[in-house]
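Given next are the chains, with one letter for each unit.
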Amino acid sequence: MPGLAVALVGAPPAAPQSGGFDPRVYALSPGNVAFLRGIGVWDALPQARVAPVHAMRIFGDGASLEFNAYDAGVPELAWIVEDSALQAALWSGLGSAGTQCTALELRNGEAVLTLGDGRFLSAALVVGADGAQSFVRKAAAIDARESEYRQSAVVANFRCGKPHRNVAFQWFQGGPVLALLPLPGDQVSMVWSLPGEEAARMASAASLADEVERAAQSILGPLELASPVRSFPLRHLRARRLVAPRVALVGDAGHVVHPLAGQGLNLGLQDVRVLSEVLNAREPGRDPGDYRLLRRYERRRAEPILAMDTVIAGLFALYGAGWTARMRATGLNLTDRLPVLKNLLMRQAMG
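Residues numbered from 1 in each chain as written. Predicted model: local features only at pLDDT ≥ 70, side-chain atom pairs only at ≥ 80, totals over all residues. Heavy atoms only, no water.

Ordered by their spatial adjacency, three strands build an open sheet running β8-β9-β10, and the pairing between neighbours is antiparallel. Unpaired on one side and paired on the other, β8 (101–106) and β10 (120–123) mark the two borders of the sheet. Here the strands of the sheet are splayed against their neighbours by 20° on average, with no regard to which way each runs. In this structure, strand β9 (residues 111–115) lies alongside β10, joined through four bridges in antiparallel fashion. Residue pairing in the sheet places Ala 111 in a bridge with Ala 123 of β10. (Pairing = 2+ DSSP bridges. Helix = DSSP H or I, 4+ residues; strand = E, 2+ residues; numbered from the N terminus. Axes fitted to C-alpha atoms, helices over the stretch in contact; angles between N-to-C directions.)

This is the structure:
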């Protein structure tokens, strides 16, 4: 950001996968890809390891809904990127001021960080991009509401017997949600949100590939496991505020949502985009840590975060209620037949 010196505090990520694909991936919206390209991160990614999404097919209760890039008038709906590769690209060219922060003191004129090696770092603004258990959020005394989804996400990659044709698939299963996302070549990445005990069983099941193939109605033919299987619990989090004097929260430090819509990282990158715009547009000589300035960022993010949170919560509740199956099917089929509504939903997700 022009006119600002930036120091990064945090441990560098593990080296990206050199062979098979990372089982944890993200579906990045075109708007966020454009942002990453503008700051030089996208070109640092190995392009042979990213995959475009040209269409998305959603199934539930015998109904279906399809989005495709052609109808939206865009080259792709999203890009699938590995977690490890994206982190490596984000860190490329950056130097870390320290790998751990042990204390944060907020004063009128500055924020002072105590680093793990005993050094001190003073700043006009501290941006907490340190995840759901954010040290910065807690040090700034910003409360957060947390709740359990009572589900875990099981992730793994598979080689598929039929070409995926860069289509992303999703099945709503009356609570559980299964997604298969295209990877380069003949592979797909799976995210299966399941009740805790069922997730634990699936994560250790020798027959996982067969289970996924059945759940996916053999839409991609026989599946063969191509990565380690990982599982992690799903929680919802919403910070009561995104800012405090000399502090701003972005990403999971401020909000964590269910992965059923694939929008968690996209929301976080949109936070970064808006915060950057606010700081770059500040008046000459304006303190970047001024609370009234940071409130501009918070106000601009309030509605988009609330809207996405509400949509995801509504979908999660709707598909967890078995008695509304006919209504859900009617809704999916109706949406599929209304081009204006479909385009509105696509544009929102691609922001």
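A few words now on the packing of aromatic side chains. Taken as a whole and judged by the stated rule, the model has three aromatic pairs. Centre to centre, the rings of Trp 42 and Trp 79 are 5.7 Å apart; their planes meet at 70°, and the pair counts as edge-to-face. Taken together, the residues span a long stretch of sequence, with Trp 42 in the loop between α1 (30–38) and β3 (51–53) and Trp 79 in strand β6 (residues 78–82) at a distance of 37 residues. Residue classification places Trp 42 among the buried positions, given a relative accessible area of 2%. With 5.9 Å between their ring centres and 20° between their planes, Phe 169 and Trp 171 make a pair best called stacked. Trp 171 shares its class with Phe 169; the two are buried. Ring pairing ties together the aromatic residues Phe 59, Phe 169 and Trp 171, which thus form one cluster. The positively charged end of Arg 24 is found above the aromatic ring belonging to Phe 232, 4.4 Å away from the centroid. (Phe/Tyr/Trp six-rings, centres within 6.5 Å; stacked < 30°, edge-to-face > 60°. Buried < 20%, exposed > 50% of the residue type's maximum accessible area, 1.4 Å probe, protein only. Lys NZ or Arg CZ within 6 Å of the ring centre and 35° of its normal.)

This part takes up the confidence of the model for the chain. Of the residues in the chain, 88% reach a pLDDT of 70 or more, and the chain-wide mean stands at 87. Across residues 334–338, where pLDDT falls below 50, the model places eight contacts with residues more than four positions away in sequence or in other chains. (pLDDT = per-residue confidence, 0-100. Contact = heavy atoms within 4.5 Å.)

Grouped together as the largest cluster of nonpolar side chains are 27 residues, with contacts concentrated most on Leu 104, Val 247, Ala 248, Leu 249, Leu 275 and Tyr 297. Ignoring anything within four residues of it in the chain, the contact list for Leu 275 reads Val 127, Ala 248, Val 250, Leu 294 and Tyr 297. One finds Cys 160, Val 167, Val 188 and Trp 192 within the second-largest nonpolar core, a separate group that totals 24 residues. (Core = buried A, V, L, I, M, F, W, Y, C linked by side-chain atoms within 4.5 Å.)

With that settled, consider the pattern of salt bridges. The final tally for this structure, using the stated rule, is 21 salt bridges. We note a salt bridge from Arg 119 to Asp 117, for which the minimum N-O separation is 2.7 Å. Arg 119 sits in the partly exposed class, given a relative accessible area of 44%. In this structure, the salt-bridge partner of Glu 224 is Arg 159, at a minimum N-O distance of 3.3 Å. (Salt bridge = Lys/Arg side-chain N within 4 Å of Asp/Glu carboxyl O.)

Moving on, we come to unusual backbone geometry. Unusually for a residue other than glycine, Asn 166 sits at a positive phi of about 60°. Along the chain, Asn 166 turns up in the loop between β12 (144–160) and β13 (167–172). Although it is not a glycine, Arg 246 adopts a positive phi angle of roughly 70°. Summarising the element assignment, Arg 246 is placed in the loop between β18 (243–244) and β19 (247–249). Judged by relative accessible area, Arg 246 falls into the buried class, the value being 5%.

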